[in-house]
Amino acid sequence: MSDVLNSIDKEIDQLTAFLLQQQRQDGSWHYCFENGIVIDAYVIILFRILNVQNEELIRQLYDRILNEQQPGGFWRLYPDEEDGNLSATVEAYYALLYSGYSKITNEPIQRAKRYIQSKGGLGKVTSILTRAILAATGQSKWPLSVSLIPLEVLMFPNYFPINYYEFSGYSRVHLTPMLIMADRRFSITIADAPDLSDLMDTRVDAEEPISRGYQEMQKDIHSGLSRLIGTPRSIHEAARTKAEQFMLQRIESDGTLYSYATSTILMVFALLALKYDQQHPLITEAIKGLTAMQYRSPGKTTIQNSPSTVWDTALIAYALQESRIGGEHKAITQAASYLLPRQHHKRGDWSIHNDNIEPGGWGFSESNTINPDVDDTTAALRAIHSLSRTSGSYQESWNRGLNWVLSMQNKDGGWPAFEKNTNKEMLTWLAIDGAKSAATDPSEADLTGRTLEYLGNFAGLDMRYEFIKRGSKWLIRNQEKDGSWYGRWGVCYIYGTWAALTGLMAVGVATDHDSVQKGAQWLLSIQNPDGGWGESCHSDRLLHYVPLGESTPSQTAWALDALIATQPKPTPAIDQGIRRLIASMHEDNWKTTYPTGAGLPGNFYIHYHSYRYIWPLLALSHYRKKYRDC
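What counts, and at which threshold
- Residues numbered from 1 in each chain as written.
- Predicted model: local features only at pLDDT ≥ 70, side-chain atom pairs only at ≥ 80, totals over all residues.
- Heavy atoms only, no water.
- Helix = DSSP H or I, 4+ residues; strand = E, 2+ residues; numbered from the N terminus.
- Rg over C-alpha atoms; globule rule 2.2 N^0.38 Å.
- Buried < 20%, exposed > 50% of the residue type's maximum accessible area, 1.4 Å probe, protein only.
- Contact = heavy atoms within 4.5 Å.
- Lys, Arg positive; Asp, Glu negative; His and termini not counted.
- Charge placed at Lys NZ, Arg CZ, Asp CG, Glu CD.
- Salt bridge = Lys/Arg side-chain N within 4 Å of Asp/Glu carboxyl O.
- Phe/Tyr/Trp six-rings, centres within 6.5 Å; stacked < 30°, edge-to-face > 60°.
- Polar contact = N/O pair within 3.5 Å; in protein donor to acceptor, adjacent residues only side chain to side chain.
- Bend = angle between axes of the 7 residues up to and from the residue.

The next thing to look at is the overall build of the protein. Regarding its fold elements, the protein presents 25 helices and five strands. Its C-alpha radius of gyration of 24 Å places the protein within 12% of the 25 Å reference for a compact globule of 630 residues. Its C-alpha atoms put the protein at 70 × 60 × 50 Å along the principal axes. For the protein, with 630 residues in total, the buried portion stands at 64%. In the protein, once contacts between residues fewer than 6 apart in sequence are set aside, the share between residues at least 24 apart is 74%. Looking at charge distribution, the protein has the averaged site of its 60 positive side-chain charges lying 2 Å from that of its 69 negative ones.

By the definition in use, this model includes 25 salt bridges. When the shortest N-O distance is used, the salt bridge between R347 and E358 registers 3.6 Å. Placement of the pair is R347 in the loop between α14 (330–339) and α15 (374–388) and E358 in the loop between α14 and α15, with a sequence separation of eleven residues. Classification of R347 as partly exposed rests on a relative accessible area of 40%. For E453, the salt bridge identified is with R450, shortest N-O distance 3.8 Å. With a gap of three residues between them, E453 and R450 both fall in helix α18 (residues 445–457), about one helical turn apart. Note on E453: relative accessible area 6%, which makes it buried. The structure contains a network of salt bridges with shared partners spanning E34, D40, R64 and K300.

Scanning the entire structure with this criterion turns up 30 aromatic pairs. What links up through ring pairs into an aromatic cluster is the set F33, W311, F364, Y495, W498, W558, Y608, Y611 and W615.

So, about the side chain of S365. Within the fold, S365 resides in the loop between α14 and α15. With relative accessibility at 4%, the residue S365 sits in the buried group. Within the structure, the side chain of S365 is placed 2.7 Å from the side chain of S306, a separation counted as a polar contact.

Next up on the list: α15. Its axis deflected by about 35° at R382, α15 carries its strongest bend there. Along α15, 14 of the 15 residues are buried, which leaves the element largely enclosed by surrounding structure. Taking the backbone nitrogen of D375 as reference, a side-chain oxygen 3.1 Å away marks D373 as the first, capping residue of α15.

In structure tokens:
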């Protein structure tokens, strides 16, 4: 046995022992879904405005935010955002002052203030969430990008060129409370609230420029308004009621809106705009839901946007089985018992464009019962695969899940995340930062590749099936010129290329296919001198590969897993990568905590605390399985 295989065996044993020890009694794994300081800041502001009596949590969030400030006075979304991030800095500055623990004369606050002013002040903030919070709390007027969208859009029938359900589900649950507030020109403040007026530069236009495309979309909106029947007042009142009901119908049992902290915070402000009392049960339950989203680790407390328990549990159960822990192992049966009742049984918004299929997907979080996604569903199905062969209840669950995944294929052959055929280009013209990614839910290389990998390796489907051919053709057609693929939900081209290559190989595309060869060669061309791989979050915004200059565990594992899938024998490059990957498992630095999950380009990145274990375990296990006898 080679030294590499000996090292792999040892590392797999350590990893599996560690993960087994971390499993909860209910069969789940709980790791932090860390999102920077944005939600921590919003929660401080909201809790102070509502006079929520949870001083311990507010202080812990305050400490975490203050600790993240950089010497230049700014906050950033990822370590190599060297010039800082204006939106994040405004959020942090505002929350630190709102907490009451910082004063305007404090040195960290003064440093932050100088940075914000050097970047043009509040008028240069691009994050729509930041701008909405500033408007809702009386620090700025509502941006035209929101206020120019009338509530009546919710009344447009599905056959209109623009209708509300052409927006992605993620954008709808955030846009609805913003539209309610903007419609009422709502703002709320308290007696000792910070005053940010000195951060407004009157020489800077505080409004986003309205593009020609956005103006064209406005014409379609006004055309739609002219076709609604009724007096303007009655139509407007009906639209406001519909917007309110839209939110109320999507509140989960934990009080959150769609199980997202960001949309829940906006919902609370929108309910206040609708004259709900601050002590109304819907608001108090939402506060409880937000509070429950906290994650505490030694020296740090943060609010997660959407705890990743279902996702982490499904992936870890799958990874453990790939490492040769059998499906009959207690840890696997417990994990499956946890996942089984969390399969969805209710129709959500996904059924609007996919109405002839029974529910069968899984969501990201425990509280999520109406917003399943393709990636979580295939992850859960991988986890229960072995049990579906021996148990009737798991076989029934497997069949429902498989049928749901197949039904979610888009007309173009690819797979979306949440809702099929919601890719209307017009909606990307919204004058909102990140609208191209947030407003629509198109086919993506990572979703399509991961789905094909599941269908090939776990459902036994290959190129003999027309829908597999269509998915494969979509991937090949959407490969970048350099051989890579863009991944929407991970950072970024390494992630997309890994998903695409493993998917194509799983359904029987030949190793010598031009797309496979180009993808593998691209990965080899960006390998770091230390043997690993690392990509900057800058790639996500610039839409081309930007090297990090260092290697991260998850990105190294993705690249290796793709190369292992495409190479019949281990190569020196793969073995060098394996050594780097194993070494990284025993390190603890910024490279091991670098955010490799993506939410909204340029605005929202995720450090999945589980990723440094899951993806290395899979890559190591796949190396051992394929190359054991080489």
